[in-house]
Amino acid sequence: MFPVTIVLLLWTSISYGAIRWYDIDPSVVSCSYAKVVIEGEYWRLVFGWLSHVDSLHFAVNVICMWSNRNLETYYGSIEFLTRTLGLYIASNLVHFVIVHRLSSANSELISNSFKKAEWLGFSAINIGWSVIQVDHPQWKVDPIVYLLDFIPLPAYAAPCILFTMIQVVVWNS
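Residues numbered from 1 in each chain as written. Predicted model: local features only at pLDDT ≥ 70, side-chain atom pairs only at ≥ 80, totals over all residues. Heavy atoms only, no water.

A.B. asks: Can you walk me through the environment of Gln133 in this structure?
C.D. replies: Relative to the assigned elements, Gln133 resides in helix α8 (residues 122-134). Along the sequence, Gln133 and Asn70 sit 63 residues apart, while their C-alpha atoms lie 9.5 Å from each other. (Helix = DSSP H or I, 4+ residues; strand = E, 2+ residues; numbered from the N terminus.)

Written as structure tokens, this is what we have:
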């Protein structure tokens, strides 16, 4: 059983459904450096990962969340939840540092575009878990992972392919 994965999937699905049902612009809940750091809207750190650009982005994230369920079995539910939250915090911090460094090193126009750029947090968690899976003991013996549970890939390529899929989905939205 995968209780944390199921709760995350339900929470994400219900939130996505509500955002779509009430026709809420995803930018209302998404995170950005300007909204969180400059304007102090810290609540976005809690709810920002529930925002998805469109149905395809949502579907890719949900499928990736489900594909990572085996790690909940390996680590146990509490450890999996702790690590998931850790990945979320780490990805936000890395994003803040990168935006801060890029915005301080470039022109005012570029600086403002970096600060206002929105990001959608759970994609980073999925990529983080995919990277962790590459070093998972199971793949030391069987170096094949199954993207979307049925597409066999070499374990070392999965994070790059996942990252590319998510970027293509978000970029084309």
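A.B. asks: Looking at this structure, how should I read the nonpolar core?
C.D. replies: For soluble globular proteins, the rule of thumb is that nonpolar side chains tend to be buried together. One finds Leu8, Trp49, Met65, Phe122, Ile125 and Trp129 to be the most contacted residues of the largest nonpolar core, which totals 21 residues. Counting only elements with at least two residues in this core, the list comes to α1 (3-21), α2 (33-38), α4 (55-67), α6 (77-105) and α8. For this core, the leading source of residues is α6, giving 5 residues. (Core = buried A, V, L, I, M, F, W, Y, C linked by side-chain atoms within 4.5 Å. Buried < 20%, exposed > 50% of the residue type's maximum accessible area, 1.4 Å probe, protein only.)

A.B. asks: Which parts of the structure should I look at to understand the pattern of salt bridges?
C.D. replies: Any two side chains of opposite charge can pair, on the condition that their charged atoms come close. Within this structure, the stated rule accounts for 3 salt bridges. Among the ionic pairs, Lys35 bridges to Glu39, the shortest N-O distance being 3.7 Å. Taking the relative accessible area as the measure of exposure, Lys35 reaches 29% and is therefore partly exposed. In this structure, Glu79 engages Arg83 in a salt bridge whose closest nitrogen and oxygen atoms are separated by 2.7 Å. Of this pair, Glu79 and Arg83 both sit in helix α6, 4 residues apart, roughly one helical turn. (Salt bridge = Lys/Arg side-chain N within 4 Å of Asp/Glu carboxyl O.)

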